[in-house]
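One-letter residues, chain by chain:
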Amino acid sequence: QVQLVESGGGLVQAGGSLRLSCAASGSIFSINTMGWYRQAPGKQRELVATITTGGSPNYADSVKDRFTISRDSAKNTVYLQMNSLKPEDTAVYYCKFTSHTRYGYDYAYWGQGTQVTVSS
């Protein structure tokens, strides 16, 4: 089992910045992907950014050049630096941890979510 604890959400004015953190604990598999998803009211949950154990990032088109994902594998922690925030970034942000096993099975774990609100 993996437990995820998120922090760093809050209220910010458009154009401002926030940094989200997510710390994983428990049975951490050595090969994994950590990332962030978000969900606004009435909308589907969508990918924001992910990063592999090797540090390869992937971003949604809507956040490219504004958000930066990074990780500290020693601390099992992933970060999301969010710059130039827009009102449309307002959502609950969820941390996701996916382990990639040698059998080809993925196991996904989700954090409780942290609210990000961007005022116009």
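Scroll up to find the structure.
Residues numbered from 1 in each chain as written. Predicted model: local features only at pLDDT ≥ 70, side-chain atom pairs only at ≥ 80, totals over all residues. Heavy atoms only, no water.

Peer 1: Is there a simple way to think about the sheet that holds strand 3 (residues 18-26) in this case?
Peer 2: Taken in spatial order, the four strands line up as 1-3-8-7 in an open sheet, and their pairing is antiparallel. Edge positions in the sheet fall to strand 1 (2-7) and strand 7 (67-72), since each has one partner strand and no second. Averaged over all pairs of adjacent strands, the angle between their axes in this sheet comes to 15°, without regard to strand direction. In terms of strand pairing, strand 7 meets strand 8 (residues 77-82) through six bridges, oriented antiparallel. Looking at strand 8, one finds that Ser 70 is bridged to Tyr 79. (Pairing = 2+ DSSP bridges. Helix = DSSP H or I, 4+ residues; strand = E, 2+ residues; numbered from the N terminus. Axes fitted to C-alpha atoms, helices over the stretch in contact; angles between N-to-C directions.)

Peer 1: Just checking my understanding: could you explain the state of the cysteines for this structure?
Peer 2: Disulfides are covalent bonds that connect the sulfur atoms of two cysteines. A complete count under the given rule lists one disulfide for this structure. Sulfur-sulfur distance for the disulfide between Cys 22 and Cys 95 comes to 2.0 Å. The S-S bond linking Cys 22 to Cys 95 shows a torsion near -85°; that makes this disulfide left-handed. You can see Cys 22 sitting in strand 3 and its partner Cys 95 sitting in strand 9 (residues 91-100), a full 73 residues away along the chain. Each member of the pair Cys 22 and Cys 95 is classed as buried. (Disulfide = S-S within 2.5 Å. Buried < 20%, exposed > 50% of the residue type's maximum accessible area, 1.4 Å probe, protein only.)

Peer 1: Could you clarify how one ought to interpret the pairing of strand 7 in this entry?
Peer 2: Both faces of the sheet carry side chains from a regular strand, because those side chains alternate between them. Burial of strand 7 is one-sided: the residues Phe 67, Ile 69 and Arg 71 facing one way are buried, the residues Thr 68, Ser 70 and Asp 72 facing the other way are not. The turn joining strand 7 and strand 8, which pair antiparallel and follow one another in sequence, is formed by four residues; a positive phi near 50° is taken by Asn 76.

Peer 1: Hey, could you run me through the pairing of strand 8 in this one?
Peer 2: Within strand 8, five of the six residues are buried, leaving the element largely enclosed by the surrounding structure. Here strand 3 pairs with strand 8 via six bridges, running antiparallel. By the bridge assignment, Cys 22 is partnered in strand 8 with Val 78.

Peer 1: Looking at this structure, how should I read a nonpolar patch on the surface?
Peer 2: A cluster of nonpolar side chains, Tyr 103, Tyr 105 and Tyr 107, forms an exposed patch at the surface whose accessible area comes to about 410 Å². With respect to the helices and strands, the residue Tyr 105 is situated in the loop between strand 9 and strand 10 (106-110). (Patch = residues over 30% accessible without salt bridge, like charges linked within 9 Å, V, L, I, M, F, W, Y side chains within 5 Å. Areas by Shrake-Rupley, 256 points an atom, 1.4 Å probe, with all protein chains shown as cover. Salt bridge = Lys/Arg side-chain N within 4 Å of Asp/Glu carboxyl O.)

Peer 1: Hey, could you run me through the nonpolar core in this one?
Peer 2: Trp 36, Leu 80, Met 82 and Tyr 93 are the most contacted members of the largest nonpolar core, which has 28 residues in total. The set of elements that each furnish at least two residues to this core consists of strand 1, strand 3, strand 4 (32-39), strand 5 (46-52), strand 7, strand 8, strand 9 and strand 11 (114-119). When near neighbours in sequence (up to four residues on either side) are disregarded, Leu 80 contacts Leu 18, Arg 19, Leu 20, Trp 36, Val 48, Ala 49, Phe 67, Thr 68, Ile 69 and Tyr 93. (Core = buried A, V, L, I, M, F, W, Y, C linked by side-chain atoms within 4.5 Å. Contact = heavy atoms within 4.5 Å.)

Peer 1: Please clarify how the pattern of salt bridges should be interpreted in this entry.
Peer 2: A side chain of one charge can pair with a side chain of the opposite charge if their charged atoms are brought near each other. Inspection of every chain in the model, using the stated rule, returns four salt bridges. Residue Glu 46 pairs with Arg 38 through a salt bridge whose shortest N-O separation is 2.8 Å. Residue Arg 38 is classed as buried on the basis of its relative accessible area of 6%. Asp 61 is paired through a salt bridge with Lys 64; the nearest N and O atoms lie 3.1 Å apart. The exposure class assigned to Asp 61 is exposed, which follows from its relative accessible area of 63%. Given a relative accessible area of 41%, Lys 64 falls into the partly exposed group. Shared partners join several salt bridges into a network, and the residues in it are Arg 38, Glu 46, Arg 66 and Asp 89.

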